[in-house]
Amino acid sequence: MNNYSNKELRALAVRSARGAYMPWGLAEEAGASLAWLERHGVSTVSSYIALLQEFDGKDPATLGPSFSNTQEVADRSLPICPILTGAYLSDKRGGKLAQEPLVFPAMMMPHLLLPFLVWVAQDLSRTICVKWSETTVLVGPEGFEIIEGQAGLVCDSKQSVEIALNDGNATPNHQYCPRTQVSDAHRNQLEGFVVRTYLPESEHSQKSGAGGGSVDDD
Amino acid sequence: MKIQPNNTQIETLMRPPEQVMRLNRMGSLHQSRLSFMRSLLRLMKRENWVFSRPVWRMNDFGMGVAVYQATGPARSYSLICFSHEIDPAKRTDRSIATEWDATFTMFDGIPTDDDLERLKLNVPKQEAGRVSESELSISRANKSVRLFEHVVERLAAGQQPDVKQIEDIGYLMRTTAVYGSGKFGAASRDKLKSRPEVSRPFHMEMMSVYLTRAFTADLVEHIAAKRGGETATTIDANIRRRLGVGNSTGLGMAPFLVNHPTLTHNWINARETALARVRSITAAEQSTITSFLEGISDATESIGNWKTTDDVQTARIGELIQDMGKLNEYIGAFDFSQSSPWDALYRWGEDNLELEAQELLVSSLIEPFGDLVDDLLDTMSADEEAEFRIDGTMSVGDFRKMIETRYGWALATDFQTRDNCARFWYVSSNKAEPRLGERFEEEDSEQFEEPLDVGRDVSNFYEALAGKSSADNIAEFLMENPHYRKIVRRLQVISRFPYGEICDNLISSAVRPIDMLRCKLSFFGAVDFDPRSDRWVRITMFKNAPFPHELDGDSRDNWAYSSVKVGQ
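Residues numbered from 1 in each chain as written. Chains lettered and ligands numbered in written order. Predicted model: local features only at pLDDT ≥ 70, side-chain atom pairs only at ≥ 80, totals over all residues.

Caption draft 1: Examining the overall build of chain B more closely. Counting its secondary structure elements, chain B contains 22 helices and 11 strands. Across its three principal directions, the C-alpha atoms of chain B cover 85 × 60 × 45 Å. Within the span of chain B, comprising 568 residues, buried residues form 50% of the whole. In chain B, the share of contacts with a sequence separation of at least 24, taken over all contacts with a separation of at least 6, comes to 75%. (Helix = DSSP H or I, 4+ residues; strand = E, 2+ residues; numbered from the N terminus. Buried ≥ 20, exposed ≤ 12 C-beta atoms within 10 Å, placed from the backbone. Contact = placed C-beta atoms within 7 Å.)

Right under this line is the structure:
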């Protein structure tokens, strides 16, 4: 097993997302989502890898929700990416949310939305209710509270997701976890994406880089 | 009496980012009283830190383990040093090295023997090892073979080393990497944020280097004592002071300033605010005039000893020496009784000196005014997380306006021209380090290019906004064009932290990455910049600084350019 600080895990997550062809900015948001969840005690590395595999190489512009009207999201052949959706909702600073639920017909790994919704809850000083399958989560400015489906927060499949403002209060009870254990298998999978982002160093670069072009004899 | 800054005037005296954040000026910065080495020693001296060496298990040839402990009012930190025998053929500063003369880690607290055993298996491997939440940095160093052996030989024979050789080289060992904050399993910076003694940028890493310097001097004396027996002596305290720690820094450091715009802004903003505050002073006191003149005198002497083999830097040092002559002549006849004398001096410098001397003058002007500027040290950290989110409610029109106002230099650059996009930044598969490639000579240059081509990205984004309604908010645009998220986030950060942007094209054929290295290293407090190509540089750290056992009795704060005699 490999023990990572949250910062190191986030850096690994960002670069692996980039290796899965997410654009840099979105890869940063993906890494932030994973790091936030791990820091709050939600083991997400496995589903994060599944997300990268699902969307590997796909055009990110085709992975977000398209709205057929204000609150309804059009169904489509490709599942919706939770990172792109979360980033959009965060960008809007709550502008899209209302008491009437936003319904996303087929979203992958919806738990990866939660960090973005915490930020939106902070913007609005409101609670947001998120539902998928058997799971209901209340998200507030301080974090989230699982209301239903204790075993099912981490979700590796495609789900219909509803998001709406809520008048209740979330009482977060997650623990602060500064470190994450990553199995060798998971590390290798993440590294597999990461190495795609590396290029072989040219001879010119080797000669002109640190220590190059001279004998280190002073 | 404490001088109070005049805030209204200061705002008008701040140099604009378009003047300061140019590579040629950034590559001319010098250490100052705001540099981290100096602020660390000032803090440790003020708080009466206690230093000890509880572990020294070295064989006759200086191979083994040592622990240096630094204890402040709240807690202790320990530098654990492993000294190794390596094949000389494997001694290289290049990042692909796998063995070093010495490897180090900063430990949070006081290590047990079990900790030492655990770390002995990992720290010598550096990137290939894993450490834990108890470790705060990892580093390694190679001997300066020529100087190290010379000093051992001389001391073993009961003689002092040749001062000229010490001045020429400057260090017994040079670090080739100092990794902090969450690398290879080590604790992340979050752990240190609430600790005042190490919450300022790079204080932990600087503490590591400071104790490393003590280790190198102790090690050379230990080996000489074992070799020379009763004949051997130790290094004269005045000569010892001249020893710093060397450092080889390459492209691994270059992207830092681009990737941390908030932090970069806060560093530069602190320095610029300090300068503006000093320029706003209406009348000069005699004590500050004396201190300023002493500083200029020390700097002038120190520059005379600055050695480099780099042609460009040699020419710049030549100009600097000439300029210091002009400056000394000018201040010899300068009327310090005039109104706003420091501002007048700065303005004269801007009109009459080259960039190297202008920036040395800036550092010198700040120097006498600790009471006025040292509070700025507490503004030099950054909460980057607070700036992470994109505000998608900002309008397309606001982005257009901001780009036209702040990024004229990027809009004026034709990135279709070969010279303007000749280079590309990438991460090498050899050691996962940033590198600068030739776009038109190397394969696969586009697909995983590192996002350091800020000017080109801004220009492309500006073009992509063409035809969009100015009233539209950017969130919808980003949903359709997620590949612009990076540059949109950056633009919003820069709108609040304008010194965070380098106003030059970083993929141009003319780019000199060492300008970025020099800027960052000057904030560390480095001296003796010795470029070895346009992309790596050797420097010296803590040269002339009091050693840990001397810190308490040394009253001089401005040690960077001063080879003052110990005991005087």
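Caption draft 2: Structural detail: unusual backbone geometry. Residues and elements named next belong to chain B. One non-glycine residue, Phe 184, lies in the positive phi region at around 55 degrees. Mapped onto the elements of the fold, Phe 184 is located in the loop between β6 (171-180) and α8 (203-228). Its 21 C-beta neighbours within 10 Å are what place Phe 184 among the buried residues. Residues other than glycine seldom take positive phi values, yet Phe 202 does so here, at roughly 60 degrees. Along the chain, Phe 202 falls in the loop between β6 and α8.

Caption draft 3: Here's a closer look at the environment of Ser39(B). Residues and elements named next belong to chain B. Examined against the element boundaries, Ser 39 turns out to sit in helix α4 (residues 36-46). On the basis of neighbour counts, which here come to 21 C-beta atoms within 10 Å, the residue Ser 39 falls in the buried class. When sequence neighbours within four positions are dropped, the list of residues in contact with Ser 39 reads Leu 34, Arg 200 and Leu 377.

Caption draft 4: Layout of the interface of chain A and chain B. Contact with chain A, which involves 45 residues of that partner, is made by 59 residues of chain B. Breaking the side of chain A that touches chain B down by element, the ones donating at least two residues are β1 (2-5), α1 (6-19), α2 (24-39), α4 (82-91), β8 (198-199) and α7 (203-208) of chain A. With five residues, the single largest contributor to the side of chain A that touches chain B is α4(A). In terms of residue class, the side of chain A that touches chain B is built from 16 nonpolar, 18 polar and 11 charged. Here β8(A) runs beside strand β8 (residues 423-428) of chain B; their pairing, made up of two bridges, is parallel. (Nonpolar A, V, L, I, M, F, W, Y, C, P; charged D, E, K, R; others polar. Pairing = 2+ DSSP bridges.)

Caption draft 5: Region of interest: the nonpolar core. Leu117(A) and Val139(A) are the most contacted members of the largest nonpolar core, which totals 218 residues. Looking at which element gives the most residues to this core, the answer is α8(B), with 12 residues. Contacts of Val139(A), omitting those with residues within four sequence positions, involve Leu114(A), Leu117(A), Val118(A), Ala121(A), Thr127(A), Ile128(A), Val130(A), Phe144(A) and Ala170(A). (Core = buried A, V, L, I, M, F, W, Y, C linked by C-beta atoms within 7 Å.)

Caption draft 6: Region of the structure containing the environment of Ala283(B). Within the secondary structure, Ala283(B) is located in the loop between α11 (261-279) and α12 (286-304). With 188 residues separating them in the primary sequence, Ala283(B) and Ser95(B) have C-alpha atoms 51 Å apart.

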